[in-house]
Structures are given as C-alpha cells and as structure tokens.
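# Architecture at a glance
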Amino acid sequence: MITATPPPAPLPHALLAPAPSVRPARRQDAAALAELSQPFVRSGALRERPASLYATQAADFLVSQGPGGRLEGCVGLRVHPAGPGEGRGPVGVLYNFCVAGQKQGHGVGAGLLRAVLAVARAQSLGALFTATTGGGGLFLRYGFAPTTARVAPQSWAATLDPRRGARILARVL
C-alpha cells in the first residue's frame with residue numbers, strides 16, 4: 001500500500017509579509033513622524049506638533065518601520081521625575097501614539113506598546129500614563145486602567161485640554 005502525504009496548505013499572504021521592526025527614532029525621522037501624525041491631528045485625536053519638535057524630541061520616540069523603510073507607527077515616552085511631595089519614583093507618559101491607517105489592526109500598535117513597556121521597565125519607571133480621546137482598547141488589553149489627573153505627573157496633567165475629553169489611563173510596572 002502506497003500513501004502520499006498531501007503538500008502543506010499555502011500560508012495566507014499576511015503571514016508571509018515581513019514584520020515591521022521597532023527601533024528608536026532619529027532626528028532625521030522628524031518629517032516622517034509629523035506626516036504619520038497628521039491624520040490624527042486632523043481628526044482631533046492628537047495635538048499638532050511642528051516637525052522641529054519631533055526633531056528635538058526624537059529620543060523620546062520608538063518607531064515601527066516597515067520592510068520598505070516607511071514608518072508605520074510611533075509612540076513617544078517622556079520620563080517625569082517625582083515631583084515634590086509626590087512620594088513616588090519616576091514615571092513615564094506615553095504620547096503621540098499613532099499607527100498608519102492601512103496598518104491598523106495588523107499588530108503594529110501592539111508591537112510598539114510591547115517595546116515601549118520594555119523600555120519603561122529597563123528605565124525602572126514605576127508606572128506609565130497616557131491620555132486618549134479614543135476608546136483605549138489596546139491600552140486596556142495591555143493592563144492600563146482609567147485613572148484621574150490627580151495621580152498623574154502634575155507637570156503633564158496640567159497640559160491636558162479638558163475640552164478634548166481625553167481619558168487618562170495608567171499602568172503600574
């Protein structure tokens with residue numbers, strides 16, 4: 001009796017596509033960071049920042065770079081030392097988190113969030129905070145929970161515009 005093994009089923013195209021890489025941003029990424037952020041600025045989800053600010057704050061950012069070199073997402077991490085009388089160590093604030101429209105739902109945001117959590121742990125931050133005008137589903141899936149401005153770094157919380165209706169989320173590390 002002869003038996004034949006059927007050939008393996010072909011993999012879906014999405015599984016064959018190279019995964020984006022997450023890396024620290026560089027000053028020369030400033031224009032691409034500004035461009036990536038524009039759809040979110042237009043929708044009201046992000047505040048507008050000039051490209052020059054992205055250049056001077058490039059060290060805050062992690063970027064997800066696709067196989068062709070195009071930036072597919074970014075997230076900024078700003079470290080806030082404990083303020084007087086706050087009784088805690090340094091914490092981080094995630095800002096300007098965005099993923100290109102055509103890459104949303106493909107793991108780019110989750111990859112960025114995992115990477116920034118690893119950076120925050122490596123820097124011995126006690127917690128991460130963020131503000132979102134959206135549902136915050138990705139943050140919630142990664143252990144963030146709603147909180148108030150009262151427990152957030154005061155220097156950051158004071159910059160939030162209450163008219164935007166953003167929710168503050170936090171995660172203890």
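Residues numbered from 1 in each chain as written. Predicted model: local features only at pLDDT ≥ 70, side-chain atom pairs only at ≥ 80, totals over all residues. Heavy atoms only, no water.

With 14 residues, helix H2 (residues 30–43) extends 20 Å between its outermost C-alpha atoms, agreeing within 8% with the 20 Å of an ideal straight helix rising 1.5 Å per residue. Considering bend angle alone, the principal kink of H2 is centred on Ser37 and spans about 40 degrees; proline Pro39 follows within four residues of it. Of the surrounding secondary structure, the elements contacted by the buried residues of H2 are helix H3 (51–56), strand E2 (61–65), strand E3 (71–80) and strand E4 (91–99). Where H2 ends, the next residue or the one after it, Gly44, has phi of about 90 degrees, a positive value. (Helix = DSSP H or I, 4+ residues; strand = E, 2+ residues; numbered from the N terminus. Expected span 1.5 Å × (residues − 1). Bend = angle between axes of the 7 residues up to and from the residue. Contact = heavy atoms within 4.5 Å.)

Moving on to the layout of surface pockets. There is about 1000 Å³ of room inside the largest pocket. Together, 44 residues line the largest pocket, and Leu46, Asn96, Phe97, Thr130 and Ala131 are the ones closest to its centre. Counting only elements with at least two residues in the lining of the largest pocket, the list comes to E3, E4, helix H4 (108–122), strand E5 (127–132), helix H5 (137–141) and helix H6 (154–157). With seven residues, E4 is the largest single contributor of residues to the lining of the largest pocket. Classifying every residue of the lining of the largest pocket by side-chain character gives 19 nonpolar, 18 polar and seven charged. (1 Å grid on protein atoms, 1.4 Å probe; cavity = no way out; pocket = protein on both sides within 12 Å on 5 of 7 lines; lining within 4 Å. Points joined across faces, edges and corners; volume = space filled by probe spheres on them. Nonpolar A, V, L, I, M, F, W, Y, C, P; charged D, E, K, R; others polar.)

Moving on, we come to unusual backbone geometry. Positive phi outside glycine occurs at Asn96, with the angle close to 50 degrees. Tracing the sequence through the fold places Asn96 in strand E4. Not every positive phi belongs to a glycine, and Ser124 is a case in point at roughly 55 degrees. Among the structural elements, Ser124 can be located in the loop between H4 and E5.

Looking now at the environment of Ala59. Summarising the element assignment, Ala59 is placed in the loop between H3 and E2. Of the residues examined, Ala59 reaches a relative accessible area of 78% and is grouped as exposed. (Buried < 20%, exposed > 50% of the residue type's maximum accessible area, 1.4 Å probe, protein only.)

To continue, consider the confidence of the model for the chain. Of the residues in the chain, 86% have a pLDDT of 70 or more, and the chain-wide mean is 88. Taken element by element, the predicted model of the chain shows its lowest mean pLDDT in helix H1 (residues 13–16) (50) and its highest in E2 (98). The low-confidence segment residues 1–7 (pLDDT under 50) makes zero contacts with residues lying over four places distant or belonging to another chain. (pLDDT = per-residue confidence, 0-100.)

Under the 1.5 Å per step criterion, the end-to-end length of H4 is 21 Å for 15 residues, consistent within 8% with the ideal 21 Å. Taken residue by residue, H4 has Val108, Gly109, Ala110, Gly111, Leu112, Leu113, Val116, Leu117 and Ala120 as its buried positions.

When the charged atoms of two side chains lie near each other, side chains of opposite charge can form a pair. Tallying each qualifying case throughout the model produces five salt bridges. Between Lys103 and Glu72 there is a salt bridge, with its nearest N and O atoms 3.7 Å apart. Residue Lys103 is found in the loop between E4 and H4, and its partner Glu72 is found in strand E3; the two are separated by 31 residues along the sequence. For Lys103, a relative accessible area of 29% gives the class partly exposed. Residue Arg163 pairs with Asp161 through a salt bridge whose shortest N-O separation is 3.0 Å. (Salt bridge = Lys/Arg side-chain N within 4 Å of Asp/Glu carboxyl O.)

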